[in-house]
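# Results of the structural survey
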Amino acid sequence: MLQLSATFDLQQDVVSSIFKKEATVGRIKEYSGIVDTRILNIERDGGVLYSWKGTTGTTRIGKYDPNTRQNKLLYTFDKQVCVSSCSLNKEETLLAVSLAQRTRTEERLRPVSKCLTLLIEIHPINNTKVLKAVDCRVRVQFIHPDTERDSVLESHLLLVAEDGYVEQLHVMLVRQEGYRVVMLNPECLAKDRVAEEFSWVQWDSQTQRLFYLTHREKAVLKCVQFCHDHNCETLFELELELPSNPFTCMRFVNLGFDHHQETQHEREEMRMVVITNKTGSMCVCYSQPACADQEIKYTIVLVHRGCSKTFSVALDGTPSPCSTDLLPLFIPIGYYVVVYLSGHLLHCINTRQQELLCHSLFLSGVDAELGVLGSDSVVLSLPESSLLDLNTGRMFTVDLNPSFLMDLLHCSHSRPDAQRLAALHCLLLYMGPNAALQLKIIDWICDNVMPFDTFDQIQEFILASLYRLIYKKCLSLDEVLPYSSVFEKKKVPEGLDQVPGVTCTTELHAEPVFKGKARSLQGFWEELQWSTEKMKYFEAVPNPRYRTSQNLPDWTKLLTTLKSENKKASNYLRHIEENTKQVLSMVDSWNLDQKVVPLFQEEDSQQRALIGLMVDKLREHLNRHLPRLGKKKIDVLVVNYVAKLLELIRRMLESVWLKYKLGPLVLCLKQQGSSAEWAVFHVMCRILEATKTLCLPLPPDLDNSDANEELKFSVLKRLPEL
């Protein structure tokens, strides 16, 4: 289901490189001279910070650059130390380090703090300043702001303490002798208190956001946004319905890897992560370990949808005691959140089409294994769809596997309809646009041309492919445009509304509070705020989602109007025709020189009218429900949508024509019809049936002129009698 691509290997990319360099200068003669190599942090630019200890009694910190695939020595301690946290500023002039200190036998009479936090000048190596010497662990993280300036003489550092507070230090720098960068007035560094009294904290390096959880009377999730001007502000708060006292000790997420943490082997009471997408979606995901009843529960709070979904899954196998091994990972892949528990479940949850279980793919047993990872792997989920195996020091990017999904489609007898429908949507929505993949799906439709018991695969192909073209433009389009023909049915078939072994409960959650600049910032915060407010509107109005089949009464009236000589009717028809001309002017070349399929050879007044009608009705629907987009943007979106619909159907016809190798003489009276012609005719009939049910227009085809009627009759004449 998931394919993993290796992006970093500690042994190959770091240890072997260090050995080559050290061996050339005669420092070491064998790999055993490089010991205890550990990943410490991954910075915003993808750089991997690591430490290693040598036989000479030193501890060194280096950086691996994934772009150049080069390693760089940053700093050397002249004795062996335990580096528990580390961060490098964007300009690579300052290194922040937290050291875990243990009291040796001869030092027991002298008090030693558990954690020593240092700020070190490394361009070149110069002064070291002690920032903290405390009895709680401190994670360090430099802010990496978006800036186009080549030289920035200031850095901003977060100190995240195990005691439940965050401080931001402002470090002013000065350039000396043309190249040396040193701290300006290091004895008086300005600092701010950013957050306090929390039990869980997460850093998002790509968006420069800090999430943290406070728990007084109720659990409240808060978010601090760090801006390019180095200011920060709490922009967001959300009450969560969490178990009482969910974290008995501090939990750090995406704040590096502390290999010396004394509590790392303690049982993890709950795993929690916040996942955001630049389109404006936010999910809060959490789970508790499965216990003796062998049922695991995990919750996805869809902040942008105003609801939460809690899934309960019965695990196979013998009962086992509560274990951190039975805490699933939450992996973001596009707008899917993958819930993964090795050997038990792999649930690809669609966070934008969340109404029905059949639009999220659930797998269990052997389908839920990731073969690259061993059974003893300690795997962490990282931002940007990545995984880290702490035991081996290997990193992978994660993606959906199109080959597996195609195989799942072809297993028509052994897989339930809900799985096939979810796999089809994964392929069409997430994996596209991909011409080769689209051709494989059309081949599959040709081989399975009759509709399934619970859904019509041709209708799903058309609606999901069209939705893919526009879903990135605005999050709220999810609620007003169709993406599945399932919603055209009066009642959702049972096979699509249930997944064996999985129960789902949906609840509304408290409204989020947007504070300060959140109301004026563009991009993510603007979209998230607008989506949450718009959800209240969508819940109140009837039928906010556009259904093409609802155009049928208007289509019937329009057919009557086409025959009318009334002047008002003529004005309306001219308006409809103008809509049609806009669409057809956008449709790309129809390959007339190849003459693959006989399209656009004659006028088809009925299909032209239906094209114009669909433009009219869709434009009216979007203007009513999403006026914020503006009329000009809606006009462009609608015309593009209908043009892509015609192109999509034309592409299906051409693909089928080429699949069965039908030439230009297929509509000839002088030869017997073949099985290939019959197969193509069958597919075309099914396309006609699928589009007619949804009241979708077709590309203007042959009309009923005398010459074309003779061609059509030739097709019918050569069909098998049965």
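Residues numbered from 1 in each chain as written. Predicted model: local features only at pLDDT ≥ 70, side-chain atom pairs only at ≥ 80, totals over all residues. Heavy atoms only, no water.

- With an unreviewed UniProt entry as reference, the chain is termed Gamma-secretase-activating protein isoform X6, source organism Salvelinus namaycush.

## Notes on empty space enclosed by the protein
- Following the criterion strictly, the structure yields 3 cavities of 30 Å³ or more and no others.
- The volume enclosed by the largest cavity comes to roughly 70 Å³.
- The leading source of residues in the lining of the largest cavity is strand 11 (residues 154-161), at 3 residues.
- Residues belonging to the lining of the largest cavity are distributed by class as follows: 4 nonpolar, 4 polar and 3 charged. (1 Å grid on protein atoms, 1.4 Å probe; cavity = no way out; pocket = protein on both sides within 12 Å on 5 of 7 lines; lining within 4 Å. Points joined across faces, edges and corners; volume = space filled by probe spheres on them. Helix = DSSP H or I, 4+ residues; strand = E, 2+ residues; numbered from the N terminus. Nonpolar A, V, L, I, M, F, W, Y, C, P; charged D, E, K, R; others polar.)

## Thoughts on the nonpolar core
- Counting 104 residues, the largest nonpolar core has M1, L2, I441, I462 and L477 as the members making the most contacts within it.
- Ranked by residue count, the leading element in this core is helix 11 (residues 631-659), at 15 residues.
- Apart from residues lying up to four places away in sequence, I441 is in contact with M406, L424, L427, L428 and F461.
- If you look at the next biggest cluster of nonpolar residues, it comprises 50 residues, including Y286, L302, F311 and L528. (Core = buried A, V, L, I, M, F, W, Y, C linked by side-chain atoms within 4.5 Å. Buried < 20%, exposed > 50% of the residue type's maximum accessible area, 1.4 Å probe, protein only. Contact = heavy atoms within 4.5 Å.)

## Side note on the side chain of S85
- Note on placement: S85 falls in strand 6 (residues 82-88).
- We classify S85 as buried; its relative accessible area is 3%.
- A polar atom in the side chain of S85 sits 2.9 Å from the backbone nitrogen of V140.
- Sequence-distant contacts of S85, defined by excluding residues within four places in its chain, comprise A96, V97, S98, V138, R139 and V140. (Polar contact = N/O pair within 3.5 Å; in protein donor to acceptor, adjacent residues only side chain to side chain.)

## Section: the sheet that holds strand 1 (residues 2-9)
- Pairing is antiparallel across the open sheet formed by 4 strands, whose spatial order is 1-30-29-28. A strand with exactly one partner marks an edge of an open sheet, and here the two such strands are strand 1 and strand 28 (379-382). Direction aside, the axes of adjacent strands within the sheet are offset by 30° on average.
- Pairing geometry for strand 29 (residues 386-389) and strand 30 (residues 394-400), over 4 bridges, is antiparallel. Considered in strand 30, the bridge of L387 is made with F396. (Pairing = 2+ DSSP bridges. Axes fitted to C-alpha atoms, helices over the stretch in contact; angles between N-to-C directions.)

## Thoughts on the side chain of R139
- Mapping R139 onto the fold places it in strand 10 (residues 138-142).
- Here the side chain of R139 touches L255 through a polar contact of 3.1 Å, landing on its backbone oxygen.
- Side-chain polar atoms of R139 contact the backbone oxygen of G256, separated by 3.3 Å.
- In contact with R139, other than residues within four places in its own chain, are S85, L158, L159, V160, F252, L255, G256, D258 and Q261.

## Some thoughts on unusual backbone geometry
- With an omega of -5°, the peptide bond running from H123 to P124 counts as cis.
- Positive phi values are uncommon outside glycine, yet Q208 reaches one of about 55°.
- Turning to its location among the elements, Q208 is positioned in the loop between strand 15 (200-204) and strand 16 (209-215).
- Even without being glycine, N543 reaches a positive phi, approximately 50°.

## Concerning the pairing of strand 21 (residues 281-287)
- Summarising burial for strand 21: 7 of the 7 residues are buried, a large majority.
- What you see with strand 21 is no split at all: S281, C283, C285 and S287 on one side and M282, V284 and Y286 on the other are buried throughout.
- Where strand 20 (residues 271-277) and strand 21 come together, 7 bridges link them in antiparallel fashion. Its bridge partner lying in strand 21, N277 is registered against S281.
- Remark: 3 residues form the turn of the hairpin made by strand 20 and strand 21, two consecutive strands paired antiparallel; G280 in that turn has positive phi of roughly 115°.
- Across 5 bridges, strand 21 lies against strand 22 (residues 295-302) in antiparallel orientation. Residue pairing across strands places Y286 opposite T299, the latter belonging to strand 22.

## Considering the pattern of salt bridges
- Using the criterion set out here, one finds 41 salt bridges in the structure.
- Measuring nitrogen to oxygen at the nearest pair gives 3.0 Å for the salt bridge that ties D367 to R415. Taken together, the positions of D367 in the loop between strand 27 (361-364) and strand 28 and R415 in the loop between helix 2 (402-410) and helix 3 (417-431) put the pair 48 residues apart, joining distant regions of the chain.
- R608 is the salt-bridge partner of E577, the closest N and O atoms lying 2.6 Å from each other. You can see E577 sitting in helix 9 (residues 567-586) and its partner R608 sitting in helix 10 (residues 605-625), a full 31 residues away along the chain.
- For E577, a relative accessible area of 25% corresponds to the partly exposed category.
- By relative accessible area, which is 15% here, R608 ends up buried. (Salt bridge = Lys/Arg side-chain N within 4 Å of Asp/Glu carboxyl O.)

## Some points on the packing of aromatic side chains
- This structure, assessed with the given rule, holds 17 aromatic pairs.
- Between F8 and Y64, the ring centres sit 5.2 Å apart and the planes meet at 55°, which makes this aromatic pair tilted. Of this pair, F8 sits in strand 1 while Y64 sits in strand 4 (residues 59-65), and the two are 56 residues apart along the sequence.
- Site record: aromatic cluster; members linked through ring pairs are F236, F514, F524 and W525.
- One cation-aromatic arrangement involves R420 over F452; the distance from NZ or CZ to the ring centre is 4.4 Å.
- When the ring centre of Y660 is taken as origin, the NZ or CZ atom of K659, which lies over that ring, is 5.6 Å away. (Phe/Tyr/Trp six-rings, centres within 6.5 Å; stacked < 30°, edge-to-face > 60°. Lys NZ or Arg CZ within 6 Å of the ring centre and 35° of its normal.)

## A few points about the packing of helix 8 (residues 552-562) against helix 10
- Relative to each other, helix 8 and helix 10 sit at 135°, their axes nearing to 10 Å. Comparing the axis directions of helix 8 and helix 10 gives the class oblique. Crossing hand, helix 8 versus helix 10: right-handed. Counting all contacts with helix 8, which are made through D554, W555, L558, L559 and L562, the residues of helix 10 involved are Q606, A609, L610, L613 and K617. (Parallel < 35°, antiparallel > 145°, perpendicular 65-115°, else oblique. Left-handed = near helix turned anticlockwise from the far one by under 90°.)

## Focus on the environment of Y467
- By the element assignment, Y467 lies in helix 5 (residues 457-470).
- Here the alpha-carbon distance between Y467 and D478, two residues 11 residues apart in the chain, equals 8.5 Å.
- In this view, Y467 contacts Y335, R352, Q353, L429, D478, P482 and Y483; residues no more than four positions away in its chain are not counted.
- At 2.8 Å, the side chain of Y467 forms a polar contact with the side chain of Q353.

## Focus: helix 2
- Listed in full, the buried residues belonging to helix 2 are F404, L405, M406, L408 and L409.
- Packed against the buried residues of helix 2 are strand 27, strand 30, helix 3 and helix 4 (435-447).

## Digging into the packing of helix 5 against helix 12 (residues 675-694)
- The interhelical angle for the contact between helix 5 and helix 12, taken along N-to-C directions, is 65°, at an axis separation of 9 Å. Pair helix 5 / helix 12 crosses with right-handed handedness. In contact with Q457, I458, Q459, I462 and L463 of helix 5, helix 12 contributes R686, I687, A690, T691, T693 and L694.
- The class makeup of the residues in the contact of helix 5 with helix 12 is 6 nonpolar, 4 polar and 1 charged.

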